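In case you want the letters, here they are:
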Amino acid sequence: MPALDDPAVIGEPGLRTDLRMPLLAVVAWAAALLARTPEWVLLAVLCAAVTAGLGFCVRCRWGRTSLAAVTLVGLAVLTSALVRTEAVAAGPVARLAAERAAVEVVGVVSQDPRLVEGLYGAQAVVRLDVREVVGRGLRHRLSSPVLVLGDPGWASVPLGSRISTTGRLASADDPDLAALLPGASLPQVQEHPDVWWRGAEAVRASIRDSVAHRPPAQRALVPALVDGDDSGLDPGLEEDFRTTGLTHLTAVSGTNLTLIVGFLLVVARWCGVRGRWLTLVAAGGIVGFLLLARTEPSVVRAAAMGTVGLIALGSNGRQRALRGLGVAVVALLLVDPGLAVSPGFALSAMATGGIVLLAPGWRDTLVSWVPRWLAEAVAVPAAAQLACTPVVAALSGQVSLVAVPANLLVSPVVGPATVLGLAGGLVGLVPLVGDGLGQLLGTGAGWSVGWIVWVARTGARVPLAALDWGTGFWALVLLVTLCVALVVVVPLAVRSRWRAGRPRAGPRAVAVTLLAVLAAGVLLLRPGWWPGGRVDDWAVVMCDVGQGDALVLRAGPAAGVVIDAGPDPAAVDECLDRLGVEQVPLVVLTHFHADHVAGLDGVVDGRAVGAIWTTSLLDPPAAVDDVAGLAVAEGIPLTAPASGELQVGEVTLRALWPAESTPHLGPGDGSTANDASVVLVADVQGVRVLLTGDLEPPGQATLAPILAGLDVDVLKVPHHGSRHQDLDVLTSVEAEAALISAGADNDYGHPAPDVIAALEAAGAEVARTDVDGTIIVARDRGGLRLERVR
């Protein structure tokens, strides 16, 4: 972004800020959102807007011209949005999808294919711009977006290829998609990508090669920083970047374009290019950036915002940047009204607006306390973060408290990392000498992002790195109010009074500082879960791992017994990190379904694991082989549960089920695995827990005599709270708390309302991960304590 001490950015003293183009941008945004509402809402709002607009513009000095501009922009964006929505939702592809028709399609790959792991193995996700579809005996030529879910072989199809495939269409929930094409046949390539796409892919591959010798985190982050290629990023590192407000570095943003085009302009000047030729260099850089980072909507949006930053470098930069921001928003929404509901678009626009409007004034206020360069370094990320905070909170339910210092710490190396990474990729294409020189430049880029990685990982583990805020209406209203108040209060609070040639902090600054220190002290002393940090006081934790099970029993300092590993290695790994678990003396896999064992890699990664207990039913075979292979590779003993009681650190375990301990095969389809789940009673820190796996009613009924007279504090409800339960058995243990692990918005209806009602009627407090997030159980003077963390 431009330097704030440039008079062009700050503007001349006394110059009034021209808000006409930003106003048109707001109108365009509102019109795009309005197009997604029901028809009666649309008509009512249009009538109200016309009435209010007439009254406002008659009274204001802008008059009829402004009214005409507002009306024209609003109607243009609204029309564009309605036409696009109608074309997608009511076109031939959508109609065929509603009929589940078998079709043959011809289309162009419009986004890089990506592999995702599912319960039944990996599959490729590919977005197609369908140009021709044949179904129900008719051929249609059109342009319609379709998402293909296909065999991993699709992952090798390059962006820009024209392909043909067959399959059965299905309706899509996403209003920006005409249909889904699940189970599509392998594509037949009709035309290879154009030369500019092949060139861009060569540069991207060369960037990856230039850092291939670096550590994994650096190897993945350099391509993400330069061209948005985040395919190699570790999910745990991505979560650390989210916690510390550094996510914009792992995706294409306006900063990328500003740095890359700025670098090209410096090189061009060094080569003697002047005048209008520099404009051509900048334009070429923008086009090259779009090809390198892909012409997806998010990239086009980032390029537009980066161009606004470049505009701010000219004369009267602040006014020009504001007008440029307004023009960019209007133009983008005219081309793609769907951006109005894109989080990335909102964050990018808000950050750019915050930097242009707030940062110069804050910088000028801070210079009485600190050097100008430091004032600018603080003002830019603070303004961007404050402007984005309500949007981030609405998306994540959290407010990052380390984002500004984290961005301040990494800002000196973002430029070198981006420029060296791009240079390494470009130089790597030069025959003979390119590889060695490219790796040398890649090493410099790796060193730079190494610092960014350290800041992200360290900041994410700072106590109270992120504050749980919530996403409710009044919570967001309060947050917006606080942000607006900060815009007014911050300059007043830090303004100093000059006496005897030296700055002296005023009473307001002292009062605000003392209040901030007091508030921070109260929050830091608060026990329990620290969002973004660790849990200090816990006995049992049910991790939020989506549609699966993963539960941890505290076995001692930095140690825990893990009961099931969930479906996602990254999710269980993050949960264990937050708990500070470095040693796992025992892992219990209750049965071999993927939603209980597929995350085992995340448990083992970076931790000392003593042993793995599993059920005696070795079914389904593929999961059994995966678990056995990992155990052998890691040298971890794999056995059936021990008989009698076993003491594992601070945890006492007793296995109740299954009765048969000799390993044996099943039918091969996993259909009997649930009733073979390992069932345990655990005692930890005065809390007794009944762990039931996915035991179903037949198994529960068989277990009933064994459970007779058993009284527990916590019940792990079987099978994610499925409606198939023997409620008499479950309520007989008189649990104070019932924990249910289920994925948000899952397709199975878990947990069943009647199961929850029965448990609550029996006196249990029900907590569920799909609504409450991670669930923490501890014992205190008042009895059992449950904390819920989204």
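Above this text you will find the structure in question.
Residues numbered from 1 in each chain as written. Predicted model: local features only at pLDDT ≥ 70, side-chain atom pairs only at ≥ 80, totals over all residues. Heavy atoms only, no water.

A.B. asks: For this particular structure, what's the right way to read the overall build of the protein?
C.D. replies: Tallying secondary structure elements over the protein gives 27 helices and 30 strands in all. The proportion of buried residues among the 790 residues of the protein is 49%. The contacts in the protein between residues at least 6 apart in sequence include a share of 69% that link residues at least 24 apart. When the accessible surface of the protein is summed, it comes to about 36,200 Å², and 62% of that surface belongs to carbon and sulfur atoms. (Helix = DSSP H or I, 4+ residues; strand = E, 2+ residues; numbered from the N terminus. Buried < 20%, exposed > 50% of the residue type's maximum accessible area, 1.4 Å probe, protein only. Contact = heavy atoms within 4.5 Å. Areas by Shrake-Rupley, 256 points an atom, 1.4 Å probe, with all protein chains shown as cover.)

A.B. asks: Explain unusual backbone geometry to me, please; I cannot follow it from the model alone.
C.D. replies: With the exception of glycine, most residues fall at negative phi, and the peptide bonds are largely trans. The omega torsion of the bond from Asp619 to Pro620 falls at 5°, within 30 degrees of zero and hence cis. In this fold, Pro620 is placed in the loop between strand 19 (617-618) and helix 23 (621-634). In this structure, Pro658 follows Trp657 across a cis peptide bond, with omega equal to 5°. Relative to the helices and strands, Pro658 resides in the loop between strand 22 (651-657) and strand 23 (664-665). Even without glycine at this site, Arg100 takes up a positive phi of about 55°. Looking at the element boundaries, Arg100 is found in the loop between helix 5 (92-98) and strand 1 (102-109). Phi is positive for Asp745, close to 55°, though the residue is something other than glycine. You can see Asp745 is positioned in the loop between strand 27 (737-740) and helix 26 (753-761). For Asp745, a relative accessible area of 78% gives the class exposed.

A.B. asks: Just checking my understanding: could you explain a negative patch on the surface for this structure?
C.D. replies: Together, Asp234, Asp601, Asp605, Asp625, Asp626 and Glu634 make up a negatively charged patch on the protein surface. Per element, the largest residue contribution to the negative patch is 3 residues, and it comes from helix 23. (Patch = residues over 30% accessible without salt bridge, like charges linked within 9 Å, V, L, I, M, F, W, Y side chains within 5 Å. Salt bridge = Lys/Arg side-chain N within 4 Å of Asp/Glu carboxyl O. Lys, Arg positive; Asp, Glu negative; His and termini not counted. Charge placed at Lys NZ, Arg CZ, Asp CG, Glu CD.)

A.B. asks: How should I be thinking about the state of the cysteines in this particular structure?
C.D. replies: Chemically, a disulfide is nothing more than a covalent bond linking the sulfur atoms of two cysteines. A full pass over the atoms with the stated rule returns 1 disulfide. Between the sulfur atoms of Cys543 and its disulfide mate Cys575 the distance is 2.1 Å. Judged by the sign of its S-S torsion, about -75°, the cystine formed by Cys543 and Cys575 is left-handed. Of the two residues, Cys543 sits in the loop between strand 12 (540-542) and strand 13 (551-556) while Cys575 sits in helix 20 (residues 569-579), which places them 32 residues apart along the sequence. (Disulfide = S-S within 2.5 Å.)

A.B. asks: Please explain the sheet that holds strand 22 as it appears in this structure.
C.D. replies: Backbone hydrogen bonds are what pair the strands of a sheet, in a parallel or an antiparallel way. As summarised here, the arrangement of the 7 strands in space is 21-22-24-25-26-27-28, forming an open sheet in which the pairing is mixed. Looking at strand neighbours, the two that pair on one side only are strand 21 (645-648) and strand 28 (765-768), the edges of this open sheet. This sheet shows a mean twist of 20° between the axes of neighbouring strands, independent of strand direction. The sheet contact formed by strand 26 (residues 714-716) and strand 27 spans 3 bridges and is parallel. In the sheet register, Val714 faces strand 27, and the bridge partner there is Ala737. In this fold helix 24 (residues 697-707) packs onto strand 22, strand 24 (679-684) and strand 25 (687-691), with an angle of close to 130° to the strand it touches most, strand 22. (Pairing = 2+ DSSP bridges. Axes fitted to C-alpha atoms, helices over the stretch in contact; angles between N-to-C directions.)

A.B. asks: How do you make sense of helix 13 (residues 343-357) when you look at a structure like this?
C.D. replies: Since there are 3.6 residues in each turn of an α-helix, residues three or four apart along the chain are aligned in direction. The first and last C-alpha atoms of helix 13 sit 21 Å apart over 15 residues, in line with the 21 Å expected at 1.5 Å per residue. Among the residues of helix 13, those classed as buried are Phe345, Ala346, Ser348, Ala349, Ala351, Thr352, Gly353, Gly354, Ile355 and Val356. (Expected span 1.5 Å × (residues − 1).)

A.B. asks: Sorry if this is basic, but what is going on with the pattern of salt bridges here?
C.D. replies: Note that side chains of opposite charge can pair when their charged atoms are close. For the structure shown, the criterion picks out 16 salt bridges. Counted as one network, the salt bridges with shared partners bring together Asp112, Glu201, Arg204 and Arg208.

A.B. asks: Explain the pairing of strand 14 (residues 559-563) to me, please; I cannot follow it from the model alone.
C.D. replies: Here is the key point about a regular strand: its side chains alternate between the two faces of the sheet. Among the 5 residues that make up strand 14, 5 are buried, leaving the element largely enclosed by the rest of the structure. Pairing between strand 13 and strand 14: 5 bridges, direction antiparallel. In the sheet register, Val552 faces strand 14, and the bridge partner there is Val562. Hairpin geometry of strand 13 and strand 14 is characterised by an intervening segment of 2 residues between the two adjacent antiparallel strands and by a positive phi of about 60° at Ala558.

A.B. asks: Help me understand the pairing of strand 28, please; the structure alone is not making it clear to me.
C.D. replies: Where strand 27 meets strand 28, 4 bridges bridge the pair, whose relative direction is parallel. Counted as the bridge partner of Ile740 is Arg768 from strand 28. Taking the sense of rotation as the criterion, the β-α-β connection linking strand 27, helix 26 and strand 28 turns out right-handed. (Right-handed = clockwise from strand over helix to strand, strands pointing away.)

A.B. asks: In this structure, what is going on with the side chain of Gln218? I would like to understand it.
C.D. replies: Here Gln218 lies in helix 7 (residues 216-227). Given the relative accessible area of 13%, Gln218 is considered buried. Discounting chain neighbours no more than four positions away, the residues touching Gln218 are Gly446, Trp447, Val449 and Gly450.

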